[in-house]
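# Survey of secondary and tertiary structure
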Amino acid sequence: MTLPLELTALLPLWIVTAGAVVLLLLEMFTQENGRKILPIAAVSFVLLALGSDFSLLAKPGMPGALFNRAVVIDLYSVTLQAICLLSALLAVVFSAGYLKREKAVTGEYYALILLATAGMIVLVSSAEFLTLFVGLELMSIAGYILAGYLRVKERSTEAALKYFLNGVFSSAFLLYGIAILYGISGTTHFSDLRIFIEKGMVSPLAGFNPTMFIQLGAALLLVGLGFKVALVPFHGWAPDVYDGSPAPVSAFLSTGVKAAAFGIFARLFTEVFGLPGSWTVGLCVLAVITMTLGNFSALAQTSLKRLLAYSSVAHAGYVAVGLAAAVGNPADSVERAVAFYLLAYTFMTAGVFGWIAWASGEGETNINEYRGLGYSRPWMSIALVIFLFSLAGMTPTAGFFGKYFLFKLAVDNGLVWLAVIAVLNSFVSAYYYLRVVTVLYTKPEGSPKTALAPVSVGLFFAFFLCALGAVVAGFLKFPF
């Protein structure tokens, strides 16, 4: 029997959704001492979803638009789905030992990760604005709860509240933008809106200038998505949220959520709006301010978590460099560069946050606390060094190739000055990343830190996967 295309093409979505339901049922029927099955079940569902996603990538053709053109399954969306699922897989593995140490193992936690991943899949596959909003809110609401998961800890509750308030604020901007675009064009479908823009159709609202309202709607979408990806000046929530959330949740929010939001951001501003050159100046300014403020703010941080939070802001600026070069470059070239960078960023950032979850838990993340670990925990320290070198963009890591592809878009579009500023910012970031490496290999004044969690088999393979991806991803052939 042949299954409907809607079932097979969106199989990763159905698997993670079913997995969330199963995990909630397991929580009901599992005793306290049997909860070790929960992370195993979560990993199994994510691996099944990844397998179905890779089977789509292996096929010669893509299904295209489905569900009355509400979603689109193409190489770009399927690649982004794989990145989001990879982020979920790493978050689950890093959470297993972490939650056990915090005595906070529940099925709800893993179900929320899977539900957030389902939202990401819907978001990156959306082909019209209502589907986009449903996916975004499903992802965001689960993220709010995960940020405050350790509700007995004040910092975690504060992180959830700040994330929630900023998320609601950004959703309001997004909805206003969608309402304006629908009101002026009469459609919520991306393809129809693109035709409306290209052919200059008459607006259903007589007497209004469609161009002005299209640009206003696009600007509001930019603000709404700018909050989600932490572009300056919409970044204020990121340091406190990443610092206060459990470390595996911070890994998930800074990789999977950002990948999904940037993925649909790139699709909208390359395939749909085709904005005029005047938008290039604004996006260039946004990119420069974001990466510069993020890097220089990170210089002053003593907490590794807050350093990574401001580093995440800077990396959003690097991706914005590629988006600023969208005018004058083919849409698929921009999307390919953005998707590759998000893949590399997932490996290296999830790896660092996972390392923090192993080394610190909910304890002190002051950089000086890790002094001398390069001698007492050599292999784990080497893994951290690989992640930090990749974040700094040092050759031949995946971080280097990711930045190269983005900055090359700017050079090809005549924005050499923007690429130069981006490279200079990378040099600034190298300082604070290397400062952490220096601390690792500095002899401690007293006894080195020894109260560290054991490295389980799952944790070892997660770190190995992140380190391998951070090194070799740049040498692999990308799917599109």
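Here we summarise the structure given alongside this text. Computed from a prediction, not measured in an experiment: that's the story for all the values here.

Quick look at the overall build of the chain now. Helix and strand content of the chain: 19 helices and 2 strands. Projecting the C-alpha coordinates of the chain onto the three principal axes gives extents of approximately 75 × 55 × 45 Å. Looking at the 480 residues of the chain, the share that counts as buried comes to 60%. Summarising the internal contacts of the chain: among those between residues at least 6 apart in sequence, 80% fall at separations of at least 24. Approximately 18,500 Å² of the chain is accessible, and the part contributed by carbon and sulfur atoms is 70%. If the 27 positive side-chain charges of the chain are averaged to one point and the 23 negative ones to another, these points end up 7 Å apart.

Counted according to the given criterion, the structure contains 26 aromatic pairs. Both rings, one in Tyr-144 and one in Phe-164, keep their centres 5.5 Å apart while their planes meet at 85°; by these two values the pair is edge-to-face. Taken together, the residues span a long stretch of sequence, with Tyr-144 in helix H6 (residues 129–147) and Phe-164 in helix H7 (residues 154–185) at a distance of 20 residues. A residue is classified by how much of its surface remains accessible, and Tyr-144, at 9% relative accessible area, is buried. Taking the relative accessible area as the measure of exposure, Phe-164 reaches 39% and is therefore partly exposed. The interplanar angle of 15° and the centroid separation of 6.4 Å between the aromatic rings of Phe-460 and Phe-464 together place this pair among those described as stacked. Placement of the pair is Phe-460 and Phe-464 together in helix H19 (residues 457–472), with a separation of 4 residues, close to one helical turn. Accessibility expressed as a relative area gives 46% for Phe-464, which makes it partly exposed. Each member of the aromatic cluster is reached from another via a ring pair, and the members are Tyr-144, Tyr-163, Phe-164, Trp-237, Tyr-242 and Phe-353.

Where H6 contacts helix H11 (residues 247–272), the axes come no closer than 11 Å and their chain directions differ by 165°. Considered as vectors, H6 and H11 are oriented roughly antiparallel to each other. Considering only the axes of H6 and H11, their crossing is left-handed. Residue-level contacts link Phe-129, Leu-132, Met-139, Gly-143, Leu-146 and Ala-147 of H6 to Val-249, Phe-252, Leu-253, Val-257, Ala-260, Ile-264 and Leu-268 of H11. In terms of residue class, the contact of H6 with H11 is made up of 12 nonpolar, 1 polar and no charged.

Calculation rules
Residues numbered from 1 in each chain as written. Predicted model: local features only at pLDDT ≥ 70, side-chain atom pairs only at ≥ 80, totals over all residues. Heavy atoms only, no water. Helix = DSSP H or I, 4+ residues; strand = E, 2+ residues; numbered from the N terminus. Buried < 20%, exposed > 50% of the residue type's maximum accessible area, 1.4 Å probe, protein only. Contact = heavy atoms within 4.5 Å. Areas by Shrake-Rupley, 256 points an atom, 1.4 Å probe, with all protein chains shown as cover. Lys, Arg positive; Asp, Glu negative; His and termini not counted. Charge placed at Lys NZ, Arg CZ, Asp CG, Glu CD. Phe/Tyr/Trp six-rings, centres within 6.5 Å; stacked < 30°, edge-to-face > 60°. Axes fitted to C-alpha atoms, helices over the stretch in contact; angles between N-to-C directions. Parallel < 35°, antiparallel > 145°, perpendicular 65-115°, else oblique. Left-handed = near helix turned anticlockwise from the far one by under 90°. Nonpolar A, V, L, I, M, F, W, Y, C, P; charged D, E, K, R; others polar.

Without other data, these values stay purely geometric and don't point to any function.
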